[in-house]
Structures are given as structure tokens and as C-alpha cells.
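Descriptive analysis of the structure
In case you want the letters, here they are:
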Amino acid sequence: MRRLWGIFAQATTIAVGVLLAARLLAPQWFAGPAPAPRPAASAPRGAAAFTQAPRSYAQAAASAMPAVVSVTSERMPRRRAPLPGDQGSERPGTLRPSLGLGSGVLVAPAGYVLTNDHVIEGAEQIEVRLADGRQARAKVVGRDPDTDLAVLHIDLPRLPTLEFADERKARVGDVVLAVGYPFGVGQTVTQGIISALGRSRLGINTFENFIQTDAAINPGNSGGALVDSQGRLLGINTAIYSSSGGSLGIGFAVPASTAREVLRQLIAHGRVRRGWIGVEVRDLDPAQARRLGLRAARNTHDGYGVMVAEVLAGGPAQQAGLRRGDVLLRLDGRAVDNADQLLDRVAALTPGKPAGLEVLRAGKRRSLRVNVGLRPLPPPADDDESDDEDAPASEPGPAALAPWGQPSRPAPPNPPLS
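The notes below deal with the structure included here. (Residues numbered from 1 in each chain as written. Predicted model: local features only at pLDDT ≥ 70, side-chain atom pairs only at ≥ 80, totals over all residues. Heavy atoms only, no water.)

**Considering the overall build of the chain**
Helix and strand counts for the chain stand at 9 helices and 21 strands. Of all 418 residues assigned to the chain, the portion counted as buried reaches 44%. The long-range fraction of contacts in the chain, counting pairs at least 24 apart against all pairs at least 6 apart in sequence, stands at 66%. Roughly 22800 Å² of accessible area belongs to the chain as shown, and the carbon and sulfur atoms make up 54% of that amount. (Helix = DSSP H or I, 4+ residues; strand = E, 2+ residues; numbered from the N terminus. Buried < 20%, exposed > 50% of the residue type's maximum accessible area, 1.4 Å probe, protein only. Contact = heavy atoms within 4.5 Å. Areas by Shrake-Rupley, 256 points an atom, 1.4 Å probe, with all protein chains shown as cover.)

**Details of the side chain of Arg345**
Here Arg345 shows up in helix 9 (residues 339-348). At 5.5 Å, Asp337 is the nearest oppositely charged side chain to Arg345, a buried residue that forms no salt bridge. At 2.3 Å, the side chain of Arg345 and the backbone oxygen of Ala335 are in polar contact. (Lys, Arg positive; Asp, Glu negative; His and termini not counted. Salt bridge = Lys/Arg side-chain N within 4 Å of Asp/Glu carboxyl O. Polar contact = N/O pair within 3.5 Å; in protein donor to acceptor, adjacent residues only side chain to side chain.)

**Description of helix 5 (residues 256-269)**
The terminal C-alpha atoms of helix 5 lie 20 Å apart, and with 14 residues this matches the ideal 20 Å at 1.5 Å per residue to within 8%. At the C-terminal side of helix 5, Gly270 shows a positive phi close to 80°. (Expected span 1.5 Å × (residues − 1).)

**Here's the deal with the side chain of Glu208**
Along the chain, Glu208 turns up in the loop between strand 9 (188-199) and strand 10 (210-213). Despite its burial, Glu208 pairs with no opposite charge; the closest candidate is Arg201, at 8.0 Å N-O. Within the structure, the side chain of Glu208 is placed 2.8 Å from the backbone nitrogen of Leu202, a separation counted as a polar contact. Of the polar contacts made by the side chain of Glu208, one reaches the backbone nitrogen of Asn205; its length is 2.8 Å. In contact with Glu208, not counting residues within four places along its chain, are Arg199, Ser200, Arg201, Leu202 and Gly203.

**So, the packing of aromatic side chains**
Within the structure shown, the criterion is met by 1 aromatic pair. Considering the side-chain rings of Phe210 and Phe252, the 5.7 Å spacing of their centres and the 55° angle between planes classify their relative orientation as tilted. Here Phe252 lies in strand 13 (residues 251-255) and Phe210 lies in strand 10, a separation of 42 residues in the sequence. The buried category is assigned to Phe252, whose relative accessible area is 1%. (Phe/Tyr/Trp six-rings, centres within 6.5 Å; stacked < 30°, edge-to-face > 60°.)

**Considering helix 9**
Because the α-helix completes a turn every 3.6 residues, residues three or four places apart line up on one side. Of all 10 residues in helix 9, 7 are buried, a share of seventy percent or more. The opening residue of helix 9 is Asn338, an N-cap whose side-chain oxygen sits 3.2 Å from the backbone nitrogen of Asp340.

**Some details on the pattern of salt bridges**
Counted under the stated rule, the structure contains 16 salt bridges. A salt bridge links Arg274 to Asp146; the nearest nitrogen and oxygen atoms lie 3.7 Å apart. In this pair, Arg274 is assigned in the loop between helix 5 and strand 14 (275-276) and Asp146 in the loop between strand 6 (139-144) and strand 7 (149-153), connecting sequence segments 128 residues apart. We note a salt bridge from Asp340 to Arg201, for which the minimum N-O separation is 2.5 Å. Here Asp340 is found in helix 9, whereas its partner Arg201 is found in the loop between strand 9 and strand 10, with 139 residues between them in sequence. Exposure remark for Asp340: the relative accessible area of 28% places this residue in the partly exposed category.

**Quick look at the sheet that holds strand 12 (residues 233-240)**
If you walk around this closed barrel you meet the 6 strands as 8-9-10-13-12-11, and the pairing is antiparallel. Direction aside, the axes of adjacent strands within the sheet are offset by 45° on average. Judged from the 6 bridges that link them, strand 8 (residues 175-180) and strand 9 form a sheet pairing that is antiparallel. Among the inter-strand pairings, Ala178 is bridged to a residue of strand 9, identified as Thr190. Contacts between helix 5 and the sheet are confined to strand 12 and strand 13, with strand 13 contributing the most and set at about 50° to the helix. (Pairing = 2+ DSSP bridges. Axes fitted to C-alpha atoms, helices over the stretch in contact; angles between N-to-C directions.)

**Quick notes on the environment of Thr258**
Relative to the helices and strands, Thr258 is located in helix 5. Judged by its relative accessible area of 24%, Thr258 falls in the partly exposed class. Sequence-wise, Thr258 and Leu149 are 109 residues apart; in three dimensions their C-alpha atoms are separated by 9.5 Å. Residues within four places of Thr258 in sequence aside, it is in contact with Thr147 and Leu149.

**Considerations on the pairing of strand 17 (residues 327-331)**
Among the 5 residues in strand 17, 5 count as buried, and that is most of the element. Pairing analysis gives 2 bridges linking strand 16 (residues 306-311) to strand 17, with the strands arranged antiparallel. By the bridge assignment for strand 17, Val306 is matched with Leu328. The sheet contact formed by strand 17 and strand 19 (residues 354-361) spans 4 bridges and is antiparallel. Bridging from a neighbouring strand, Leu328 pairs with Val359 of strand 19. Of the pairings in the sheet, the one linking strand 17 to strand 18 (residues 334-335) comprises 2 bridges and is antiparallel in character. By the bridge assignment for strand 18, Leu331 is matched with Arg334.

Quick look at the structure:
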């Protein structure tokens, strides 16, 4: 028994020695399976989106450029009355036409062109030149000074057109291209992003819902296209903020939805039919609202309402019983928060149909019924253009004078009648 135990002990000692020697001389024999490689950390969503951005927008530009046209308007200045002793002003042939340079967008194969109203305002002759070199005399289909849009028609075959985008899907930061004919140098494409959406209260147009962009827009770009990265029409470039006449990175475009509705109505009616009730209103500040007991209404999302400052004699509102000093709280069951909102909502009403009003008068709420009228056309702008025979030809474009608006057309009255 002792002998067997001795043999076992010797064998065990020899085996342990062999194992120790093998582990020292060939450790790889004892290594386990290699661990599975760890998956690479996924890139942040923003970084992934950035790396997937295209390096060129040539395809979008190529889609838009054929449908963006140059618009040249010719206008004869009015002859002024001669001053005493001024014989030269009556010489025949001394008055020269002024030329206005702008842009436009072909939006229908039938030859309809969207542009800015200030580009063709007062024009006696309008020429449209396509990117392919063709040109044609244009006819004015209709104008809408309230949005600074106009529609022209040209008669040419095989016209390229630009597809409308849904600007409701646009986001601040999206890449956009501005296509137009700045300063008469030829068709030009600039690139930027959407800086803001829904810009209003700028005093440029009566109805404002601008797309703001930093894409370079200069005089001559007015009426041109603001397109998305797919080459679809997001808006009509209309104005810039500038103290020098050049781009400072703050430009404004009328959104595609507004342009499409104006296009439809101008083709159908020759004008845009908007609702109107004949009142001038003022916003209520919180202190006024509290004095009128409207704080609770604000807390229940009914809005402060707006103060009726003027009621047009003989207008729909007066006939409905609305009075100066009333606070208009609701229109057709929807709360009214401010004067701009009321203006837009009244304009969206169908002329000839009734609408409900809820007003606060002498601390009591009253319900009125108004028959919506047709909004009158704005009066023509005064012709302040110089009749000097040595005056240079003008180039109407986006706003070039501080603070806002086109130099060729005065800002709308503030506030306009709803």
C-alpha cells in the first residue's frame, strides 16, 4: 500500500511539473476563446445626418434653373408740369422709359409666371426671357398688392415648370437655394438655410407669413424662386433687409402655399377674393385685459381679444351692430388673440356668407352675426418717380431701404382694416 502511494505521489509531482513547464513555454495552449469584438458605438443622429448631407446641390439647381425667368418691365414716366421759364422739359423725345429688372417662376405648362407685384407695378410693357434664351411679351393676368404677388402669362411651347413644395414640412436649418437674376448679370444661384419661419409684423405686406433665409438675395432677385434641396419651389423671393442695397443675409420669401392660392384666384377671378368686415382693431395689453376682467379668459385659452378702434360707416361690421370700444373675443367660435390673427382669419372667410362674432361690451358678452363683405382692393401707390430726363433707369428689387419694404411701394397702412 505504501508502495502504491509512493508511485502515485511521484506521478502527480511529475505531471504538475510538466504542466508548469508547458504553461511557461507555450501559454497559448491554455488561452480561452477570443472575446467577440465589441460593436462600434453608433454615431449621434446629428452627426450621421451631417455625414450623409450631399456635397453638391447641382441636381436641385439644375431642376429649378430652367423654370426661373428674367422679367423686364418698361414704364414711361409721367410728364411733369413745366416750371416758369423751363422750355427744355417740353421738347419732344426728352422722356425716356425706365426699365425694371426682376425675376419670375414658371409654374404651369400653360405659360403662367409667378413674380412680385412690385416688379411689374405700373409697367406698360413686360418682357420675359427664359434660361434657354427664348423671350416673349407677357400679359398681366392679375395682381395682388396685399401679398406683393402677380401672375403673368406668356405664349411659348414646351415650357419648363417648377413643382410646388409643401413648406409646412420645412424646418429651420434646412438648406435652400435662391435662383434669380440679380443686378442684370444673368441667372444666379445662391445657397443658404432657412433662418426662420412664419415671420410677420415686418410692415412689408398687408398679409405676412414669410420664410426668412440667409441665401444671398439682391436687387433683381425679386420674384425669383426659393427652392429646397430637391429643387422644389418653397417660396417667391420678395424682400431683404438692407441699408446698402446688397444682401446682408436677411431675406424674405412668400411661402409656396400662399403663392399657389394667389395663383389660383388670379387665374380664376383676376383678383384675390378675401373676406372683410370693415373694422380697425388694436391689440390689448395685459393691463387692459385685467381691467376688463379678461384674465380668466386668457387662462382658458380664449385669448385677450382685440379692441375695436374704428368701425367703417356702412360696412358689414356696423350693419351687424359692432361699435367702437367693443372687445372682439371670438370669430366664428375661435378665440382672437391679436390684430394680425383677426386680419388673417377675416380674410380667409368667404365673402357673402355670415360669420359669428362674440364681443365684450360694458362688461357683458354679446353675440352678433355679420355678413362678410369682399375686401376692397388697396389704392394704387402714388407715383413718386422722378420725371427728370437724366434720371437713370431703375432696377426694382427686394427691399433696399431701411428698415423694411420695397422702395418702389409704400408700406401698407398700420393697422389695415380687417
